[in-house]
Structure formats: structure tokens, C-alpha cells
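Now for the letters of each chain:
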Amino acid sequence: MSLIHRSSSLLKPLAAGPASLLRRPFSSATDDDATKITVETSVPFTGHRIDPPPRTIDTTPKELMTFFVDMARMRRMEIAADSLYKSKLIRGFCHLYDGQEAVAVGMEAAITRKDCIITAYRDHCIFLGRGGTLLEAFAELMGRKAGCSKGKGGSMHFYKKNGGFYGGHGIVGAQVPLGCGLAFAQKYSKEDHVTFALYGDGAANQGQLFEALNMAALWDLPAILVCENNHYGMGTAEWRAAKSPAYYKRGDYVPGLKVDGMDVFAVKQACKFAKEHVLKNGPIILEMDTYRYHGHSMSDPGSTYRTRDEISGVRQERDPIERIRKLILSHDIATEKELKDIEKEVRKEVDEAISQAKESPMPEPSELFTNVYVKDHGVE
Amino acid sequence: MASIFQAVGAARALSSSNSFDSKKFYLTSRESVSERKGSIFVVRSDGRMNSGRVDKLVTNAVATKADSAAASTASKPGHELLLFEALREGLEEEMDRDPRVCVMGEDVGHYGGSYKVTKGLAPKYGDLRVLDTPIAENSFTGMAIGAAMTGLRPIVEGMNMGFLLLAFNQISNNCGMLHYTSGGQFTIPVVIRGPGGVGRQLGAEHSQRLESYFQSIPGIQMVACSTPYNAKGLMKAAIRSENPVILFEHVLLYNLKERIPDEEYICNLEEAEMVRPGEHITILTYSRMRYHVMQAAKTLVNKGYDPEVIDIRSLKPFDLHTIGNSVKKTHRVLIVEECMRTGGIGASLTAAISENFHDYLDAPIVCLSSQDVPTPYAGTLEEFTIVQPAQIVTAVEQLCQQ
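Residues numbered from 1 in each chain as written. Chains lettered and ligands numbered in written order. Predicted model: local features only at pLDDT ≥ 70, side-chain atom pairs only at ≥ 80, totals over all residues. Heavy atoms only, no water.

1. Observations regarding the overall build of chain A
Threshold: Secondary structure is summarised from DSSP: a helix means a run of H or I of at least four residues, a strand means a run of E of at least two, and numbering begins at the N terminus for each. Only protein chains enter the accessibility calculation, which uses a 1.4 Å probe; a residue whose area is less than 20% of its type maximum is buried, one above 50% is exposed, and one in between is partly exposed. Contacts between residues were defined by any pair of non-hydrogen atoms, one from each residue, lying within 4.5 Å. For every accessible area listed, the method is Shrake-Rupley and the probe measures 1.4 Å; residues are considered covered only by the protein chains on display.
From N to C terminus, chain A includes twelve helices and ten strands. Evaluated residue by residue, chain A yields a buried proportion of 61% over its 380 residues. Long-range contacts, defined here as pairs at least 24 residues apart, represent 74% of the contacts in chain A between residues at least 6 apart. Accessible area of chain A: about 15500 Å², with a carbon and sulfur share of 54%.

The following block contains the structure:
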């Protein structure tokens, strides 16, 4: 019943955090690993040129708790980043992911670290999911040495090579051809791994996407194009930018699946399904129907092109963390208080990471010139 | 053509704020324009330029202090606004004047523009004239060029200049070359504008200086605005030009405040701006670096130097008249730019001055540029990337000792 002996294995796929978080007895009297819980996704999947996977999924209490903690941690990180930005510790552009956590967590649950993920600039949480630490994230956001890119990249340039996370890209759409390149390399090396190339509904109208998709389809590359459709490309709603906002169908000859991106189980199921598919059949498009609570970035209030009612409506009806909380409570896996305690722990974890990050020094001036070329070649 | 310049020269002589003998330098050089070979003084704006206002305004609104909003006693009080508002004013005036002028770009319409340059225009002119494009730079730039081929006059906004790299092919091959390859049949009166330059920790991909990449494209003109006055004037001139013009704005200059005239005016696309006349050294700069130069100038003046500061404004072609006159006077040149050292505007300017005026130089041309590195995110590193006022002071001192 207690999770003590499982804590180490539980924590492995997660970002580093106090092990105490999950080393506590839960009210469930059963053995969490063997207990099977069957859940149903909020809505069925819709397929384009493909039979969608079933909407009933098996999970365990352990998995539910893991999802909860992971998403709570991501949510907390983004909220903390908001405050840090307002206190000018984070500068420049900062694009927050709160509301979209289910995509990062669900995807991670379906794959391994040998599979690749590449995304655009809303990358903090994906970084965390791929094994990045809160310290590395906050330090990078504050431009410090301990940052994942040594402070030289910033918010839009998080990477983690050994976690299979290829960034972190500022120019809309440019990451998708890169993603197909990762898939190409995987096929070339005959690995049984796949690449998830994430992009937004705004980026879905980039030509390079279709060029890359055509090539991926031509050569049966194990590429999964994931459109994180939060319905707004900065200030432009999807229907004002796309003739067909059914992004999962835009692959035309490439099959697609529409997924409720606020439902972590739907995401997990879809990603698992997609991985199996592309290893045999070439690319697939996943459209994650998701939502961002913040504006496009910290310089965008996010309320000039959508109503506050809409934002609060989504938060009430579809919030990914709340959904898991309800599931946990309804299956008696933990009590309300226990979940609140977990959230408090997460908050502490985040605060500790921030203070640690603040201690990290700014990069040395000499760092200006390092990593332009490899091993200082190419310098006059 | 000559009449415009003579009027300008005359007004300069009248202006009280300038201390140098303008008549001697200005009129002489201007009279020789028509004889000058290879003059690239292209299509003039229409007759409105001869209103007689342009002359006074070009000289008097020039800042002789780093942060002042200059207006001479001779012109009307005018109205105060921020640089992005000045851009909008110019844009709106041109859209009122000519129904063929339209805007396209990301979030320019309903959102009002990410830097508010097009705020309020979509409700006024409609969704087609202020077009919200999808995120498809390559294609909508191409679309604008295609529309221009038929006579429309689109203004393409790159939300950040860096995004226009995706449209490089369109800008180079179609925008720049179509007039030539069609034997003159098609003109491409587009304006491509947007913010670029190093901001406040925007990261490597959002801190680019595209003027260095575009400068070799034949057929285009490039200008960089730096004050609300010249922002509005250059915007209007760019729109009226029959040639494609790339108007470089800077992310950090949008909130500059200045008092500009109420009357209509236009700035010459090919003309540099005399910011501070002087005797000892010519400092050539543009865009944001102008302000670093003026800050350094304060220090230099206190140290007894008399720098002449010219905001070159026209990045392609260079205003070698104004520049040449200055070089002939001071014999020393310092270029301060934000481009990277390799292949920047400064590099081209150095070559141009060397070729044309090397007899007048008492010292080698010094060019201060940004470091050849991607702009780092960390604030301290970012500061080292670009030229700071202290470096400018040092460079002037070293140059003047030679």
C-alpha cells in the first residue's frame, strides 16, 4: 500500500524532485501496480484515413498519481515563471504552457527517451517531461550558467540531448523539417524509435510543414507531426488563419487523428497508437485539441482576441489537472488533503529550484565566443 | 531636381542651430549632382515635396542632443508622439491618399500589430486593406510582390525582421529583380518593414540584423529609421517610391518620443541625416546605434572633441554626398553599427569610403560592429555583443591621436 519501495522507479521518468513527494501511504488499500483502473477518454478519437484507437484505457493508481504530480509541477513552474517575468528576472520573450500540460505528460508516458521530441518556443514543460530539471529550466530563463543552454539560449531555446529533446525553436514552423530529419536519421540507423514534431495551429499554415510531410510520407519516415491546437496563433483565431482548421486532416494522404489534448489519457493513447503506426506505415498527424490560459507570450495579455469567459470556461470544464484530480478522488486513490499536500510540496520544490537558480552566476564574458564553432575552429 | 536641393541648402544656411558653413559644403556638392556619374538619386516624390517645408524640417528636427526632441524656433509647434505612432501616422496618411496602398502581415489587423504600428487601421480600412495573414512569410511576401506587379502598393510587415529570412527568395529574386528581368515592364512598389536589431534578451533568432543579408540584392533600396520624425518621413517616402524599399525599424526605438510637425513632410530615401555637425571626426551610424553614438558624443565633447555625427539612414544606396563632404572636412571616419563585423553595412561603407575618398583620409577607417556571434540570451553577454558608448569614446580618442 505504501509507495516507499516504488518511489525510485516512479521518479525515474520524472524530472528530479524530492523523493518524499510520493513516498507516502495513500488511502487506497490495494497494491497500486497491479490494480487496474479503466478510464474512458472524454471524447472518442476522430480518424482521418485511419481507424482510431479505442477510447477505453487501462491505468493504475501509480500512473494516475504520477500524472498528477508531473502536471502539477509543470503548472507550478509556469506560474512561477510568470511572476519571475513580472519581476524582470526573466526578460525577452516567454511563452507559457499552462493549460497544455496533458500533451507533454501524456506523450512522455507513451514513449521512451530514445524517441525524439522537437517543438517550438512553448517548450518549458516538454523539457521537464524529457528529464530536464527545474533548476536547469529556471536558470536558463534567468540567463545563468546553470541553465540547460548555459544561459545563452533563453526561454525559446531549451534542449536536452540525452533526453531526446531537440528544442526549443523561435522561428515558427522551422522545427518541423528538423523533426522529419530526426525521423530520417532514425530510419537510416534502423532504430525502432520515432520522432514527435510538435507545432501549433499558427504554424500549421507554414509551407515547410507540407514539404516535410511529403518527404516523410514518400520515404516512410517514423515522424509523428503533432499539432498542438490551442486555437490561436498569437492574436489570430484558427478560423481566421486557416481555410480548414481540421488540422488532423490537412495531411491529405497522410492519416490523422484528432485528440482531446486536455485529457492526458487520450494523449497517451494517441501517442502509443501513433508510435506503433509510424514504425510500420510512415507519418501520421495528431491534432491535440488543447488550450493555453496565458496569452501568446508575457507581452500579450491574451484577452484582446478572446473573452475571459472563454478562458475561465475551459479552465472549469477541461482543465487537465482537475480531470486527474477527480479521477483520483473518485477512485479513492488519495484524499483531497493528500493532493493538496502534494501541490504544496511541488510548490516548495519549484521555489527551491528558483532560489538555487538565482544563486547561479551569470555566464563568464568569455562564453560569448564559445560554441560558435566546435573546438574554436573557424575563428579568424 | 536641382531646385529642391538649393532650397534645402538655403534653408540650412538660415538655420540658427548649425554651426558649420553649410553653404560652402552643401550647395556646391548638390549642384554637381546632375553631373555626377552613376548617380543613384532615383525617382523623386511628387510635387508636394516642394512645399518648402521639407527643407526646414530636415535640418531643424534633427537632434543635436542625444535625447532631445528637436524643433527649431522657425517651425510650428507640431505634436508629440512616439515612434510607432509616427510610423502609423505616415502609413495612415498614405493609405488615405492612395487607395492602392494596403498592408499585409501577421496580426496587423484585428490585433493591431504586435508593436501597434497598425493599430486602428483595420477597423478604418477593412480586412482586405489591412490583411491578417497566416504565418506564411514566404508566401505572403510573394503574394505582396505579385499584387505589386499589377499596380497595388502593399506594405509587408515582418513581425520581426528575422522572420523574413523565410521570404528571402521572394525578396531577392522577385522583389529585387523583376523590374530588370522584365526589361522594365513591371515595377514592384512594395515596402517591406518590421523591427529588427538586438533587443532586450530576445534570444538569438529574434535579434537579427537583416540589413547585412539584404544589402547585396540589386534592385531594392534600404532605409533605417531612428527618430519619430524620420520614421514618418521615411515611411511615406518608401510608400511613394516606385522601387521596393525595405524599411528597418528597431525593437528598442518604438517608444521614442519626439515633437513632429503638423504639416505633411517626407524624408528623402537616399539622404543621410546630419545629427551633430563637428570638425574633428566623422561618425557614421544608423538606427539604435545613433543613440549610443550621441551618448558617447556627450562624453567626447566634455573631453574637448568635436565629433560630426551622421545618421546614414539610407543603407542602400549610401548617401556618399553627405558622407563625402564630411570626410573631406574631418579626414577621420568612425563607423558605428549594430550589424555583425563580417559582411555588415559597415564593411560595405568602409569599402565605399575607401574607394571614393581615400585621398582625404588621415587615418584608416575604423568600424565598430557587433560580435560575430549569435546573440546570447543572458543580459551581460548580450551587452558585450553590441557596441557600447565607452567603446565609441575610446575609438574616437585613438583615431584622433593619429
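2. Some words on the overall build of chain B
Counting secondary structure elements, chain B contains 15 helices and 14 strands. With 402 residues in all, chain B has 63% of them scored as buried. Residue pairs in contact within chain B that sit at least 24 positions apart in sequence constitute 82% of those at least 6 positions apart.

3. A short note on the sheet that holds strand β13 (residues 333-340) of chain B
Through backbone hydrogen bonds, the strands of a sheet pair up, either in parallel or in antiparallel fashion. All names here are of chain B. Heads up, the rule is: Note on pairing: DSSP must find at least two bridges between two strands before they are called paired. Between N-to-C directions, angles cover 0 to 180 degrees, with each direction set by a line fitted to C-alpha atoms, over the stretch in contact for helices.
Within the open sheet, the five strands sit side by side as β9-β11-β10-β13-β14. Their pairing is mixed. Among the strands making up the open sheet, the edge pair consists of β9 (273-276) and β14 (366-370). In this sheet, neighbouring strand axes are inclined to one another by 25° on average, regardless of whether the strands run parallel or antiparallel. In the sheet, strand β10 (residues 281-285) pairs with strand β11 (residues 307-311) via five bridges, with the strands oriented parallel. Of the residues in β11, the one forming a bridge with isoleucine 283 is valine 309. Lying over the sheet, helix α15 (residues 389-401) contacts β10, β13 and β14, oriented at roughly 150° with respect to β13.

4. Some points on the interface of chain B and chain A
Inclusion rule: Once two parts are joined, some of their accessible surface, as seen by a 1.4 Å probe, is lost; buried area is that loss totalled over both. Every case where a carboxyl oxygen of Asp or Glu lies within 4 Å of a side-chain nitrogen of Lys or Arg is listed as a salt bridge. Counting of polar contacts relies on pairs of N or O atoms within 3.5 Å, with two restrictions inside protein: one atom must be capable of donating a hydrogen and the other of accepting it, and residues adjacent in sequence are counted only when both atoms are side-chain atoms. Throughout, the ten residues Ala, Val, Leu, Ile, Met, Phe, Trp, Tyr, Cys and Pro are labelled nonpolar, Asp, Glu, Lys and Arg are labelled charged, and all others, Gly among them, are labelled polar.
With 32 residues of chain B at the contact, the number on the chain A side is 41 residues. Where chain B abuts chain A, roughly 2800 Å² becomes buried across the two surfaces, and 64% of that area is made up of carbon and sulfur atoms. Sorting the residues of chain B by area buried against chain A places Tyr111(B), Ile135(B) and Tyr377(B) first, and these three jointly supply 25% of that buried surface. Joining chain B to chain A, the criterion identifies one salt bridge. The residue Arg240(A) makes a salt bridge to Asp132(B) at a minimum N-O spacing of 2.6 Å. On inspection of chain B and its partner chain A, the count reaches 14 residue pairs in polar contact (both at pLDDT 80 or more). Per-element accounting of the side of chain B that touches chain A gives the leading share, five residues, to helix α14 (residues 379-385) of chain B. The residue inventory of the side of chain B that touches chain A, partitioned by class, reads 16 nonpolar, ten polar and six charged.

5. Some remarks on the packing of aromatic side chains
Here a ring pair, both rings aromatic, is described through the centre-centre distance and the interplanar angle of the planes. All names here are of chain A. Here is the rule we go by: Two aromatic rings, drawn from Phe, Tyr or Trp (for Trp, its six-membered ring), form a pair once their centres lie within 6.5 Å of each other, and the interplanar angle then sorts them: stacked below 30 degrees, edge-to-face above 60, tilted otherwise. When the NZ atom of lysine or the CZ atom of arginine is within 6 Å of a ring's centre and also within 35 degrees of its normal, the charge is said to sit over that ring.
All told, the structure shown has ten aromatic pairs over all chains when counted by the stated rule. Measuring from centroid to centroid gives 5.8 Å for phenylalanine 184 and tyrosine 188, while their planes differ by 45°, and the two rings are tilted. Remark: tyrosine 188 and phenylalanine 184 occur in helix α6 (residues 175-188); sequence separation between them is four residues, near one turn of the helix. Classification of tyrosine 188 by relative accessible area gives exposed; the value is 64%. An aromatic cluster is built from Phe127, Phe158 and Phe165, whose rings are joined through pairwise contacts. Positioned above the aromatic ring of tyrosine 232 is the side chain of arginine 306, whose terminal nitrogen or guanidinium carbon lies 5.7 Å from the ring centre.

6. Structural notes on unusual backbone geometry
Residues Gly167(A) and Gly168(A) are joined by a peptide bond in cis, for which omega reads 20°. For Gly168(A), the location among the structural elements is in the loop between α5 (134-141) and α6. At Asp220(A), a position not held by glycine, the phi torsion is positive, near 50°. Examined against the element boundaries, Asp220(A) turns out to sit in the loop between α7 (207-218) and β6 (223-229). One non-glycine residue with positive phi stands out, namely Ser287(B), at about 55°. Assignment of secondary structure puts Ser287(B) in the loop between β10 and α11 (289-302).

7. Overview of the UniProt feature "domain: Dehydrogenase E1 component" (unreviewed entry) in chain A
Basically, it comes down to this: UniProt positions are given in the numbering used here, feature names are shortened, and annotations may be inferred rather than shown by experiment.
The feature "domain: Dehydrogenase E1 component" (unreviewed entry), as given by UniProt, occupies residues 70-365 of chain A in the numbering adopted here. Each end of residues 70-365 of chain A is marked by a C-alpha atom, and these two atoms are 36 Å apart; helix forms 46% of the span and strand 10%.

8. Digging into the pattern of salt bridges
Opposite charge on two side chains allows them to pair when their charged atoms are near. Residues and elements named next belong to chain B. Counting across every chain of the model gives 44 salt bridges over all chains. A salt bridge links glutamate 93 to lysine 232; the nearest nitrogen and oxygen atoms lie 2.7 Å apart. Highlighted residues: glutamate 93 in helix α4 (residues 83-97) and lysine 232 in helix α10 (residues 228-240), separated in sequence by 139 residues. Residue glutamate 93 is classed as partly exposed on the basis of its relative accessible area, which comes to 25%. The exposure class assigned to lysine 232 is buried, which follows from its relative accessible area of 1%. Across the pair glutamate 273 and arginine 313 runs a salt bridge whose closest N-O atoms are separated by 2.6 Å. With glutamate 273 in strand β9 and arginine 313 in the loop between β11 and β12 (314-316), the pair connects residues that are 40 residues apart, well separated along the chain. Among the residues examined, arginine 313 registers a relative accessible area of 2% and is labelled buried. Through salt bridges with shared partners, a single ionic network connects Glu89, Glu93, Glu94, Arg97, Lys232, Lys236, Arg240 and Glu264.

9. So, the pairing of strand β8 (residues 257-260) of chain B
Residues and elements named next belong to chain B. On β8, burial follows the alternation: Glu258 and Ile260 on one face are buried, whereas Lys257 and Arg259 on the facing-out side are not. With four bridges connecting them, strand β1 (residues 79-82) and β8 associate as antiparallel partners. By the bridge assignment, glutamate 80 is partnered in β8 with arginine 259.

10. Considering the UniProt feature "domain: Transketolase-like pyrimidine-binding" (unreviewed entry) in chain B
According to UniProt, the positions carrying the feature "domain: Transketolase-like pyrimidine-binding" (unreviewed entry) are residues 81-256 of chain B. For the annotated span residues 81-256 of chain B, helix accounts for 36% and strand for 18% of the residues, and the straight-line distance between the end C-alpha atoms is 8 Å.

11. A short note on α7(A)
All names here are of chain A. As a reminder, the rule being used: To estimate how far a helix should extend, the number of its residues minus one is multiplied by 1.5 Å. Directions pointing from the helix axis toward each C-beta atom define the arc.
Counted at 1.5 Å a residue, the expected span for α7 with its twelve residues is 16 Å, and the 17 Å between its end C-alpha atoms agrees. Turning to α7, its buried residues are Gln208, Leu209, Ala212, Leu213 and Ala216. All buried residues of α7 fall inside an arc of 135° around its axis, so they share one side. Exposed side chains of α7 directed beyond 90 degrees from the buried face belong to Glu211 and Leu218. Next to the buried residues of α7 lie α6, β5 (195-200), β6 and β10 (284-289).

12. Some words on the packing of helix α2 (residues 61-86) of chain A against helix α9 (residues 264-281) of chain A
Residues and elements named next belong to chain A. Note the cut-off: Each angle is binned into one of four classes, with values under 35 degrees roughly parallel, values over 145 roughly antiparallel, values of 65 to 115 roughly perpendicular, and all other values oblique.
One way to put it is that α2 packs onto α9 with a least axis distance of 12 Å and a crossing angle of 105°. Comparing the axis directions of α2 and α9 gives the class roughly perpendicular. In this structure, α2 contributes Glu63, Leu64, Phe67 and Met71 to the contact, and α9 contributes Val264, Phe265 and Lys268. Class assignment for the residues of the contact of α2 with α9 results in five nonpolar, no polar and two charged.

13. Considering helix α12 (residues 320-330) of chain B
Side chains of residues three or four places apart in an α-helix project in the same direction, reflecting 3.6 residues per turn. Residues and elements named next belong to chain B. With respect to burial, α12 is a largely interior element, ten of its eleven residues being buried. Buried within α12 we find Leu320, His321, Thr322, Ile323, Gly324, Asn325, Ser326, Val327, Lys329 and Thr330. Trailing α12 by a residue or two, histidine 331 shows a phi angle of about 70°, which is positive.

14. What about the packing of helix α11 (residues 320-330) of chain A against helix α12 (residues 336-359) of chain A?
Residues and elements named next belong to chain A. Let me state the cut-off plainly: With the far helix as reference, a near helix turned anticlockwise by less than a right angle produces a left-handed crossing, and one turned clockwise produces a right-handed crossing.
Remark: α11 packs on α12, axes separated minimally by 10 Å, with the N-to-C direction vectors making an angle of 140°. In terms of their interaxial angle, α11 and α12 are classed as oblique. Relative to α12, the crossing made by α11 is right-handed. Between α11, through Arg325, Ile328 and Leu329, and α12, the contact on the second element is made entirely by Glu336, Leu339 and Glu343. Its residues assigned to classes, the contact of α11 with α12 comprises three nonpolar, no polar and three charged.

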